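# Examination of the molecular architecture
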Amino acid sequence: MPIHAFAALAQGAALTPHRYEPPALGPFDVELAISHCGICHSDIHLIDNDWATSQYPLVPGHEIVGMVRRAGPDVTGVSIGDRVGVGWQAGSCLACEWCERGEEHCCPKQVATCVGRPGGFAEAIRLDSRFVYPVPASLASENAAPLLCGGVTVYSPLARMTRPASRAGVIGIGGLGHLAVQFARAFGCEVTAFTTSPDKEAEARRLGARHFVVASDAGAMDRAAHSLDLLLSTVTVALDWPAWMKVLRPRGTLCFVGASPGTLGVATAALMIGEHTLAGSVIGSRAVTREMLEFAARHGIAARTEVVPMAQVNAAIERVRQNRARYRMVLTNG
Ligand code: NAP
Ligand code: ZN
């Protein structure tokens, strides 16, 4: 039976209905009936071939919640009828040093859910059950789907790089950023939101930001100088990174999760004198993903979403491109 999906047929193209024959169900595979799929900005990078890896037809989508409707004979851990989620990663070798350490997101043979294989802008998907996560009952599917990529991507570095007394800043209050504010607040941090969108202030404060700084306000940026232990960038663009380093306290870290193009241009002496750290972080391991879901359920952390039918995928993508999503567009087959 073919799977109905939406695909870009060329770089930057609008998505069109697309049908494909799924591979045979492997022993560890499940087939999910997709109910919801978030639109992460990485889907847009893929459509636009920003990373020069895209192959077309390209079915984006890697913030998936759905119900298990078929399962191979060796599947354990999830059963037919379970509500589960899938994020950016759909496989790894499960044998190398990194996989054995439980850091399979660092595996050189990692497989991405919608790179070189069809993703979640579809009615269904087949993939390895070992990269599928039960969704806690208290999380609604539309609010949980964005946790599977956006959520774990910010949870992982915040969990590693903050302490309860930390002062943490988030640049970009979009899909990832609005989740980062919530997690950092729940960890006990004093949170500063940095934005280009003044209209996000009330929601950012509701989500847990103590300070709200519009980055174009030079006075506010000056007042924020030397205030943060961790600054997490979630933006999609290149910024003046040496200028942003000035908001760090001594020993502070600037960590990139947003896929900004270009290089950093940070002076060695500035790093040395502040004992600063530059860091990057990518999604999270399977264990951290499970932990993040449990933590989110316990603390009532959920994506703020705009839910639209899958058939309106192009309009939804356009809202993300225009930075008008509040705060994650989620497609539904419901
Ligand atoms: P998003 O929802 O579009 O949010 C990005 C935010 O960046 C916007 O809401 C905006 O926030 C800010 N921004 C946009 N244009 C800007 C500009 N010209 N100057 C300054 N700020 C600007 O995107 P997302 O889904 O959160 O993804 C963000 C990035 O993370 C993407 O590059 C994505 O590929 C990457 N990502 C990385 C990982 C990983 O594992 N490291 C995982 C998922 C996604 P304000 O309106 O508040 O300014
Ligand atoms: Zn993503």
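This text follows the structure it describes.
Residues numbered from 1 in each chain as written. Chains lettered and ligands numbered in written order. Predicted model: local features only at pLDDT ≥ 70, side-chain atom pairs only at ≥ 80, totals over all residues. Heavy atoms only, no water.

### Topic: the layout of surface pockets
- Taken as a whole, the largest pocket holds about 910 Å³ of empty space.
- What lines the largest pocket is a set of 42 residues, among which His41, Thr234, Val235, Thr236 and Gly258 lie closest to the centre.
- Considered class by class, the residues forming the lining of the largest pocket number 23 nonpolar, 16 polar and 3 charged. (1 Å grid on protein atoms, 1.4 Å probe; cavity = no way out; pocket = protein on both sides within 12 Å on 5 of 7 lines; lining within 4 Å. Points joined across faces, edges and corners; volume = space filled by probe spheres on them. Nonpolar A, V, L, I, M, F, W, Y, C, P; charged D, E, K, R; others polar.)

### Observations regarding helix 11 (residues 313-321)
- Here helix 11 has its buried residues at Val313, Ala316, Ile317 and Val320. Along helix 11, the residues classed as buried sweep out an arc of 100 degrees about the axis, all on the same side. (Buried < 20%, exposed > 50% of the residue type's maximum accessible area, 1.4 Å probe, protein only. Helix = DSSP H or I, 4+ residues; strand = E, 2+ residues; numbered from the N terminus. Arc of directions from axis to C-beta.)

### Quick word on the sheet that holds strand 14 (residues 248-256)
- Spatial ordering of the open sheet is given by 12-11-10-13-14-15, a layout of 6 strands whose pairing is parallel. The sheet terminates laterally at strand 12 (211-214) and strand 15 (277-280), the two strands that pair on one side only. Sheet twist, expressed as the average angle between the axes of neighbouring strands with direction ignored, equals 20 degrees.
- Bridge analysis of strand 10 (residues 167-171) against strand 11 (residues 190-195) gives 5 bridges, and the strand direction is parallel. (Pairing = 2+ DSSP bridges. Axes fitted to C-alpha atoms, helices over the stretch in contact; angles between N-to-C directions.)

### Here we look at the state of the cysteines
- By the definition in use, this model includes 0 disulfides.
- Unpaired in terms of disulfides, Cys114 finds its nearest cysteine sulfur in Cys37, a separation of 7.9 Å. (Disulfide = S-S within 2.5 Å.)

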